[in-house]
Amino acid sequence: MTDTRRRVKLYALNADRQWDDRGTGHVSSCYVERLKGTSLLVRAESDGTLLLESKIQPDTAYQKQQDTLIVWSEGDNFDLALSFQEKAGCDEIWEKICQVQGKDPSVEITQDIVEESEDERFDEMSDSVQPVELPACEMGRLEDISELVNSCLVSPNRKDKLAAALETQHYIKKLLNLFHMCEDVENVEGLHHLYEIFKSIFLLNKNTLFDTMFADDTIFDVVGCLEYDPSLPQPKKHREYLRELAKFREAIPIKNKDLLAKIHQTYRVQYIQEIVLPTPTVFEDNLLSTLSSFIFFNKVEIVKLIEEDEKFLTDLFKMLMDEKTGDTKRRDLVLFLKEFCNFSQNLQPQDKDAFYKTLVSLRILPALEITLSIDDQKTKTASIDILTYIVEFSPSVVRDYTLQQANNTEEEQMLLNIVIEQMLRDQDPELGGAVQLMGVLRILLDPESMLASVNKSEKADFLNFFYKHSIQTLIAPLLENTSGEKPLKEDYHTVQLLGLVLELLSFCVEHHTYHIKTCILNKDLLRRILVLMRSTHTFLVLGALRFMRKIIALKDEYYNRYIIKGNLFAPVIDAFLRNNGRYNLLDSAILELFEFIKLEDIKSLCSHVVENYGKILEDVEYVQTFKALKTRYEQHQDKLKERERVSGSVAVTEAVVPSLLRTRYRREARQPDEEEEMWFNDDDELEDEAPLDSAQPHTHTHTHHALDAIGKIVEKKVCSSTESANGPRVLLGAAKPPHTDAQVSAPRLLNKGLVDYDGDSDEEEEGGASSGNPSSSSSTEERDAKRPRLA
């Protein structure tokens, strides 16, 4: 099937009264044995699957609209539509439908009754479907006409009969003539009746009546009737607005008269739907579905007509990028382009894809680089809207364009940096443009939307580009405002902007791994962000805390060591203490952070918090978080002591070794000290560390050779003893270089001896290790004063 005449788009009306695209294919009509009748078949043009199989029922009402549409209902509240690529194909299928139903193809609707249910059949039996007799269209009968029209709304059958009567008797134009007479003689009561009449006619939901009311010679009179709402003291001035205030600006002269008429009609009908008509009630909402469909298909047709005019679009973009184009003219061009993109949202996906590819080929992205930087607020806002439409539909298009700029464009002129710069320079008090641009950046940086890309390296390439060329632009205001101990600027506009930057950075921490980690560690970014914990704006404090929470949630030891070495919990604890136990969001967020550390058993952070802030937090009793954290820490300590006791039993075995070899085998016996250092990452002891070899007594080479055999035997005994006590030993420090195995200085070994007794404590051991070294002793005492004692 390659005949373009039969190429159609299939639509179905959903529960929200919006048209859903069901696919593109080719329509045919043929006899289907299973359905026992002539049917409409639509097969997908992509794979030939059957999209539609609908028997042409003799009593179903088919409507032909706008020369290329056929609309009908199947069952209750299930409306279908076929939109043809060519008028000839629509006429061909319409003739076939009329032939099956025995109708003249010149009609635009094949049946008077659109839909029929069991209740309607009962209505037919009860009232025999008598035709509606309209009163004479006279000024004195307006009240009767209003009552009759309102009474017909309760029954679908009566609605259909009333619509048929209004159409066949050309009653709408007669009512509009009465409207002129009532306005001339200032008959307010008659005008109020006409308002009720036309409001009810809209609720009939008939496309044929809309065609009459929305014609160029009648639409303003219909709007005039709807100005005289009885509930208002004075009539509205909708006609004055449409004629005088609402000016149509042709960015480029439109020579296609059909296109021009369709644009005017769509704008006016939308105005009627959104402004003139009263807001429909829950029961009336579905009664205006045909009006929504009328606007929907009008927009689709407008987009198609513009796309077909290649010269029009070429001239538009040429003028948009011309340096000689004035700001006012450029604003009109951008506003037109924005409305054009807005109408394209009604296209089906494959047509929308072709639409945006057309815009990209016409260089819409370089054009947006120019218009985004213009100071005119309307131009900038419209440009942001256009970029949002493009990114939401196809972010890969923008990523590909950005990557092409890597080698041939200065950083300040790159589209991505222009977007970031405009976000940071937004002067709107509510930061409307900045919020929208942040959403654009978030879509572009989302790895989830990169996975299905044709270019498999898109994720790595784009993230490399962003962190090389753009991240410094994004974090510049953050670094500038956090150079001291407190934020330098605390005005509302600045802190709102920093809140957006924090939100985007938190997104990056959550979804990017290597790139953002490198940025945070190299630029010490977390420390700078935690300066914002001293802000007077609570939402900004929470934003900084949320950023740290995202980092801790990764449970990455690189991040954990960075936090510990930088003592980066200090600003959080400080904010917690300043909050002074007030029951608010900040208090809950900080407690949740420490609760997470406890529940996930992040040992390094748990130990750091208890050792450094345990005494400060031990008085917090309205929650059990910190007590539980301390208990978890003590459990870790108990496990380490147990390991030390096991290693002590190994040291007893070493007592059989001659004194010359004690130090050598003491290294193996004290291996758990290294493991303890890995748990606590204690920098103070590392500073006091001395090479073990320097403390060993000097021996002759032949002595080593003589006792080498004894050493091997003892080593074997040590290993077997350890495995029998603990099972196979796998130490955390096993992968460290050999020079880190010995964590204890020589004097410590000599003073302590090789055997651990049950009565020895860690404090005595450390005291012995630091004897004769006042600075080491004082640092140890100071550290022990901070560290909670085990029971």
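Visitor: Which parts of the structure should I look at to understand a negative patch on the surface?
Guide: A cluster of like negative charges, contributed by D67, E108, E167 and D211, occupies part of the molecular surface. If you trace the backbone, E167 turns up in helix α4 (residues 156-168).

Visitor: It is not clear to me how the pattern of salt bridges should be interpreted in this structure. Could you clarify?
Guide: If the charged atoms of two oppositely charged side chains come close together, the side chains can form a pair. Applying the stated criterion across every chain yields a total of 27 salt bridges. Between D351 and K9 there is a salt bridge, and its shortest N-O distance comes to 2.9 Å. Here the residue D351 occupies a position in helix α14 (residues 349-361), and K9 occupies one in strand β1 (residues 7-13), the gap between them amounting to 342 residues. Exposure class is identical for D351 and K9. Each is buried. Taking the shortest distance from any N to any O, the salt bridge between R549 and E592 comes out at 2.8 Å. Within this pair, whereas R549 is found in helix α25 (residues 538-553), its partner E592 is found in helix α28 (residues 585-599), the two being separated by 43 residues in sequence. For E592, a relative accessible area of 37% gives the class partly exposed.

Visitor: Whenever I open this one, the side chain of D79 confuses me. Can you help?
Guide: Among the structural elements, D79 can be located in strand β7 (residues 79-84). Owing to a relative accessible area of 13%, D79 belongs among the buried residues under this scheme. For D79, the side chain forms a polar contact with the side chain of S73, separated by 2.5 Å. In contact with D79, not counting residues within four places along its chain, are Y11, A12, L13, R17, W19, W72 and S73.

Visitor: Could you clarify how one ought to interpret the packing of helix α5 (residues 171-184) against helix α6 (residues 188-203) in this entry?
Guide: Packing of α5 against α6 brings their axes to within 10 Å, and their N-to-C directions diverge by 155°. In this view, α5 runs roughly antiparallel relative to α6, as classed from their interaxial angle. In terms of crossing hand, the pair formed by α5 and α6 is left-handed. Contacts between α5 and α6 pair I172, L175, L176, L178, F179, C182 and E183 from the former with G190, L191, L194, I197, F198 and I201 from the latter. Counted by class, the contact of α5 with α6 contains 11 nonpolar, 1 polar and 1 charged residues.

Visitor: Which parts of the structure should I look at to understand the packing of aromatic side chains?
Guide: Tallying each qualifying case throughout the model produces 20 aromatic pairs. Ring geometry for W19 against F297: centres 5.6 Å apart, planes inclined by 55°, an arrangement best described as tilted. Pair noted here: W19 is in strand β2 (residues 19-32) and F297 is in helix α11 (residues 289-308), with a separation of 278 residues, a long-range link. Assessed through its relative accessible area of 9%, W19 is described here as buried. A centroid spacing of 5.1 Å and a plane angle of 85° characterise the contact between F466 and Y467, whose relative ring orientation is edge-to-face. The pair formed by F466 and Y467 is uniform in burial state, with each residue classed as buried.

Visitor: Please clarify how the sheet that holds β7 should be interpreted in this entry.
Guide: Backbone-to-backbone hydrogen bonds pair the strands of a sheet. The strands run either parallel or antiparallel. Across the sheet, which stays open at both edges, the 7 strands sit in the order β4-β3-β2-β1-β7-β6-β5 with antiparallel pairing between neighbours. Looking at which strands have only one partner, the edges of the open sheet turn out to be β4 (50-55) and β5 (62-65). Strand-to-strand, the axes of this sheet are offset by a mean angle of 30°, without reference to chain direction. The sheet strands contacting helix α1 (residues 87-101) are β2, β3 (37-44), β5, β6 (69-73) and β7, and the helix crosses β5 at an angle near 155°.

Visitor: What exactly am I supposed to notice about the pairing of β3 here?
Guide: In summary, the side chains of a regular strand alternate between the two faces of the sheet. In terms of burial, β3 is largely enclosed, as 6 of its 8 residues are buried. Pairing of β2 with β3, which is carried by 8 bridges, proceeds in the antiparallel orientation. Bridge assignment links Y31 to a residue of β3, and that residue is T38.

Visitor: How should the nonpolar core be read in this particular structure?
Guide: Proteins that are soluble and globular tend to have nonpolar side chains buried together. Among the nonpolar cores identified, the biggest contains 131 residues, and L505, I520, L526, I552, I563, F569 and F594 are the most heavily contacted of them. Those residues in contact with I520 that sit more than four places away from it in its chain are V509, L525, L526, F547, I551, Y559 and Y562. Of all hydrophobic cores here, the second largest spans 48 residues; its members include A165, L209, F220 and V222.

Visitor: Looking at this structure, how should I read the pairing of β6?
Guide: By the criterion of burial, β6 is predominantly enclosed, with 5 of the 5 residues buried. By the alternation rule, side chains of β6 split into L69, V71 and S73 and I70 and W72, which are all buried. In this structure, β5 lies alongside β6, joined through 4 bridges in antiparallel fashion. Looking at β6, one finds that Y62 is bridged to W72. Pairing of β6 with β7, which is carried by 5 bridges, proceeds in the antiparallel orientation. From the neighbouring strand, V71 faces β7, where its bridge partner is A81.

Visitor: Looking at this structure, I do not really get the environment of G432. What am I missing?
Guide: Mapped onto the elements of the fold, G432 is located in helix α19 (residues 432-444). Taking relative accessible area as the criterion, G432 reaches 35% and is therefore assigned partly exposed. Placed 51 residues apart in sequence, G432 and T381 show a C-alpha to C-alpha distance of 9.1 Å.

Conventions used here
Residues numbered from 1 in each chain as written. Predicted model: local features only at pLDDT ≥ 70, side-chain atom pairs only at ≥ 80, totals over all residues. Heavy atoms only, no water. Patch = residues over 30% accessible without salt bridge, like charges linked within 9 Å, V, L, I, M, F, W, Y side chains within 5 Å. Areas by Shrake-Rupley, 256 points an atom, 1.4 Å probe, with all protein chains shown as cover. Salt bridge = Lys/Arg side-chain N within 4 Å of Asp/Glu carboxyl O. Lys, Arg positive; Asp, Glu negative; His and termini not counted. Charge placed at Lys NZ, Arg CZ, Asp CG, Glu CD. Helix = DSSP H or I, 4+ residues; strand = E, 2+ residues; numbered from the N terminus. Buried < 20%, exposed > 50% of the residue type's maximum accessible area, 1.4 Å probe, protein only. Polar contact = N/O pair within 3.5 Å; in protein donor to acceptor, adjacent residues only side chain to side chain. Contact = heavy atoms within 4.5 Å. Axes fitted to C-alpha atoms, helices over the stretch in contact; angles between N-to-C directions. Parallel < 35°, antiparallel > 145°, perpendicular 65-115°, else oblique. Left-handed = near helix turned anticlockwise from the far one by under 90°. Nonpolar A, V, L, I, M, F, W, Y, C, P; charged D, E, K, R; others polar. Phe/Tyr/Trp six-rings, centres within 6.5 Å; stacked < 30°, edge-to-face > 60°. Pairing = 2+ DSSP bridges. Core = buried A, V, L, I, M, F, W, Y, C linked by side-chain atoms within 4.5 Å.

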